[in-house]
Structures are given as structure tokens and as C-alpha cells.
Amino acid sequence: MKRPISHGMTKTLNILAAQLNPVVGDINGNLALAQGALAEAKAAGADLLVLPELFILGYPAEDLVLKPSAVQLSMAAVDALAGETKDGPGVIIGSPWADDGKLHNSALLLRGGEISYRYDKRELPNYGVFDEVRVFDPGVGPARAIDFNGVRIGIAICEDIWLDRVPQDLKDDCAQVLIVPNASPWRRTVQVERHTTFSSWRKNGLPYLFVNQVGGQDELVFDGASYAVDIDGNEHQLLGDFITGSALVSFNAETGRFASEAQASLTEGTEAEYRAAVLALGDYVDKNRFPGVVLGMSGGIDSALTAAMAVDALGADRVWCVMLPSKYTSNDSLEDALACTKALGARYDTINIAPGVGALGEMLADQFEDTAPDTTEENIQSRLRAVTLMALSNKFGHMVVTTGNKSEMAVGYATLYGDMCGGYNALKDFYKTEVFELSNWRNADHPRGGLGPKGEVIPARIITKPPSAELREDQRDDDNLPPYEVLDDILRGLVDEELDLDDILARGHDEATVRRIEHLLYVAEYKRRQAPPGVKVGGKNFGRDRRYPITNRFRDD
């Protein structure tokens, strides 16, 4: 860590922004991370260490914050950390805080060996993936600035700076700079939102330091990407995205400007989406202490991309690909699954499900007599694959990763307790057309920090051949669904944009097709409620972001 930039006798704060990856519920582990950052800040000559929102318990802790012992232990950990600040530097750290019958999302200023100030978050988000109103009480009264080492600072927490009230309160109270701990999850549009429409500086011109957490937590991924904004709107990108780290930055209270030797760049577009999914998958596996993952390697594009993401997240030695052929599995699929796994360097096994299919056929022969084969027999194959993968998971501890994409999940083109069976789905919020885009990108580029090999890891034929579940002779996805370019545009209208059918028809789609897709979307809700979690990347993911009723007769007539 380089020494802070000197500004002579001016009022300057040297601040260490710590962009770290806490684990929800691991209070002792998160405290250890904070103590390590404090030692780093002290060695660097910083006046102040800033840690993210609710850092000591982790975010989002959801209903865990309603457990009194979780809150009490979090508060005790903050007290313990405060005791380590007797000789400086000061610390701003997030924690749940219980006081006078209220529970707050708080930021604590620790200095001189004690908790010297507490700020309670005023603006509690209650939309999309957020439901803080459900578990927290908002802070009361106007936000107030405080003096710290000769500089008047204002503390705000995440959502506080997306609205006008708190930044204006702090400016009215003569704050010279805002310090903003965050747990701001990533999605495709987040950088534009943070730096333009919702930027605190654009509201009242106050310089601010934005310190965000990084890492995956169930359906969310946090990108970090911590930055600072000068009084004139000039931005300093202090830390990159999807990586942990720290940056030393100096704030000059007389000029209203930050200075730092730290300079980072952010990823964009398809690369950012890929890295987000990789980080989320890797953290889900590691934070839940699985030794690795196992997945069904079908020879199709979804399982190939999932395998690539898993290898990039965990390393090839922790990824187990299993081909589970039936009599309908083509030679191309057998060859492609093996070629993809070899290119990735992962373990590959073949387990033929035909004996199991035959056994079930015998078991059900009397009941199925005089009936024609239909989706029942197709689903039996899918569910036998799930039973096989779960047996491997139970025996060896690897988590089963499912491979279904958002298009399939939307219209129910997936088998409950079959290919939907598993612990996590890295593709859950990617439409099929996006799966193709990600696959082409991964063959042409290599993600920063990816543990997999460079070069083509998904054979070209996997990308170019028509998608098929291969559960009957000559089956293709477009036997039952419109082309994915059409399907995905309709689904974006129905799901991400919540458009009325008239607005979707105005895009030029066939009315009967749109109404059929709307019906399939609604009747598949019961399946999605039982699907494994997967990371949010778009405007609205299936899960905590989109909550539709299962029993639902509404149709847009």
C-alpha cells in the first residue's frame, strides 16, 4: 500500500476504502476481515477506514436480522472492533443495531476506542429484490453531519443517496463530503444508474465516496466498483468490479476534491454479465462449503456454457461433467459433450440411463397399457438423470448445478424434479439468445480472473446445431416453441417490461403466438417456485424480483 498523497497543512482526510466479500451470518469471519482491513489502514497512514453496508452480519441478511442473537452478536463484534481504534484510524462499519425497541440498518463511526456516532439508514428500499421495510425501522429526524479530524463529514447508506432527502439534509448541515457504505447489487444497468440519474452529486453537488461490497449471495451478486466523486463531478474509479481490494484516497476539504493513485477500469456488456454469473456461482459453492459441482453434460449449449462458467469459477478439478445418454441421444451430442469437457479440462463420466428407463417401463406396464407414449415418457428420462446426479451428489458431496435458461423457465419447457433438480442455476436469468451470445464471447475472450483455459472451450457445433432436449426421435425445441429470437422478445415484454399484450403485438408479433406464450408463462409459475436459485443479471429475475401468484386466471384480453 502506497503512502497517502500529502496536501501540506490543508484539512485532508486519508481514507482507505475496503471493498470486501463478507459471508452472511459469519460474524466472526466478517470481524476478522474488518480487523485485517483496519491493520492495513493503520499501516497505510489512513485517518479513516470505510467498510460496506451491514458488513458485520452480511447483506442481505433477510429475516436473519429478526433473530435477536444475530443482532446482539453483531453489535458485540462492532464493540470489539471499536476497542481496536484507540490509536486510530477511525472506522465506519455497517451493522444491524437494536435500540429502544427499534431495529436499524446502521453505520457506526468507531474512533478513540469507542463507538462515537451512529447513523441509521433513512431510506429503506422496498421494491424489486429489496424489502428492508419489512425488517428494519428507518432512522428518524434530519440526517446530521459530524466533525472528523477537522473535516465535516456526512454518513449516508446506499439508498439514502438515490433520493434527495438525506444528501440535502447533510448539505444543509454543512457537510463537506459524504461517506457512503453500500451493499448495492449488480445488474446490467447499474453503472449507468449509479453514475448518472441516481448520483448523489447530481442532486446537490456534494462530493462523495461510494464503498460497495463484492461477492455472491444467493440470487444477488455485488460488483464492488467503489469510486469517488469530486465537488465538480469529476469521478475517480478507485476499484474494479467483481474483485476484492482496497484503495487509499485523500479528500481535500478546501478544494472538495479526492486524489488517489488507485485507478481501475470496469468491465462492460457481455463480459460483465459473464463475470457476474461466474462470481455468483463460485461464491454460492464456496460459501456453502461444497467441494465442487456435478452437472449433466448433454452436448447442448446450456450445459456447455454452465460447465465453462463452473470451471472459470472453481477450477477444472472441482467440476464433474456427466453424460447421461438414452436411446435418443445423438452421436453428435456424445462427441460434443466429450469435446467440451476435454477442452475445459474437467472430469467426464458416462452413465447410460437406458436400463433405468427400461426398469420403469416394466414397473408401469400395467398402468400404461393401451396408452400412447407422450411427455410422460420424456419426463421419466429427465427425472432418471436427476436421480442419478443427485445420487452422485449425495455420495461424494458435489452440488448439482442445473442448466436451464430463462426462456425455458419462463414457458415451463423444463421437467420439474428432472432437469430442474439441483442446488443452483447459473443461467437462470439469461434468455436463450443471451446464452448464445455468452458462449460466443467465451470462445473469443477470457474473463478476468477466470480459472478455465483460454481459447475455444465450447465446440462450434454445439453453438450452431438446432437446440434439442433429445427426449424423442428427431426432437427440436422449435417443434413446440417459436424461434428463440421471437420467443425472447415476447418474454422480455411480458416479464422484464410488464407490457400489455397490445404493446407486444405492436412489435409485429403474431397474436396467437403471444397469447400462447402468455398462457405458458402463467401456468409455469408453480414450477419456478420450486426451481433452484440463480443470479439476477437483468431487470427482473424469476425469484424474489418477480412474485406472481401460482393460482392465477388472469389473461390480458
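Just above sits the structure.
Residues numbered from 1 in each chain as written. Predicted model: local features only at pLDDT ≥ 70, side-chain atom pairs only at ≥ 80, totals over all residues. Heavy atoms only, no water.

A. Just the overall build of the chain, in detail. When you go through the chain residue by residue, the secondary structure sums to 18 helices and 20 strands. For the chain, the C-alpha radius of gyration of 26 Å lies close to 24 Å, the compact-globule estimate for 557 residues. Along the first, second and third principal axes, the C-alpha set of the chain runs to 90 × 50 × 45 Å. Within the chain, buried positions represent 56% of all 557 residues. Considering only intrachain contacts with a sequence separation of at least 6, the fraction spanning at least 24 residues in the chain is 72%. Accessible surface, the chain: about 22600 Å² in total, of which carbon and sulfur atoms supply 50%. Averaging the positions of the 56 positive and the 82 negative side-chain charges in the chain gives two centres separated by 4 Å. (Helix = DSSP H or I, 4+ residues; strand = E, 2+ residues; numbered from the N terminus. Rg over C-alpha atoms; globule rule 2.2 N^0.38 Å. Buried < 20%, exposed > 50% of the residue type's maximum accessible area, 1.4 Å probe, protein only. Contact = heavy atoms within 4.5 Å. Areas by Shrake-Rupley, 256 points an atom, 1.4 Å probe, with all protein chains shown as cover. Lys, Arg positive; Asp, Glu negative; His and termini not counted. Charge placed at Lys NZ, Arg CZ, Asp CG, Glu CD.)

B. Spatial organisation of the packing of helix 13 (residues 432-444) against helix 15 (residues 484-496). Running from N to C, helix 13 and helix 15 point in directions that differ by 115 degrees, and their axes come no closer than 8 Å. Only Tyr484, Glu485, Asp488 and Arg492 of helix 15 make contact with helix 13, whose side of the interface consists of Lys432, Thr433 and Glu434. Of the residues contributing to the contact of helix 13 with helix 15, the split by class is one nonpolar, one polar and five charged. (Axes fitted to C-alpha atoms, helices over the stretch in contact; angles between N-to-C directions. Nonpolar A, V, L, I, M, F, W, Y, C, P; charged D, E, K, R; others polar.)

C. The arrangement of the sheet that holds strand 7 (residues 151-155) in detail. The six strands lie next to each other as 6-7-8-9-12-13, forming an open sheet whose pairing is mixed. Edge strands, defined here as strands with exactly one partner in the open sheet, are strand 6 (146-148) and strand 13 (235-237). With direction set aside, neighbouring strand axes in the sheet form an average angle of 25 degrees. The pairing of strand 9 (residues 208-212) with strand 12 (residues 227-229) spans three bridges and is antiparallel. Across the sheet, the residue bridging to Leu209 is Ala228, located in strand 12. The sheet strands contacting helix 4 (residues 190-197) are strand 9, strand 12 and strand 13, and the helix crosses strand 9 at an angle near 160 degrees. (Pairing = 2+ DSSP bridges.)

D. Just the sheet that holds strand 18 (residues 347-350), in detail. Judged by pairing direction, the sheet is parallel, and its five strands sit side by side in the order 18-17-16-19-20 without closing on themselves. On the outer flanks of this sheet lie strand 18 and strand 20 (424-425), each paired with one strand and no other. Sheet topology note: the strand 16 (residues 293-296)/strand 19 (residues 399-402) ladder contains two bridges and is parallel. Note that in strand 19 the partner of Val294 across the bridge is Val400. Of the strands in this sheet, strand 16, strand 17 (319-323) and strand 19 touch helix 7 (residues 301-314), which is tilted by about 170 degrees from strand 16.

E. Local environment of helix 3 (residues 165-172). Along helix 3, the positions that sit buried rather than exposed are Val166, Pro167, Asp169 and Leu170. Along the axis of helix 3, the buried positions cluster into a sector of 160 degrees, meaning they face one direction only. Cys174 occupies a position one or two residues after helix 3 and carries a positive phi of about 70 degrees. (Arc of directions from axis to C-beta.)

These figures come from the coordinates and say nothing about function on their own.
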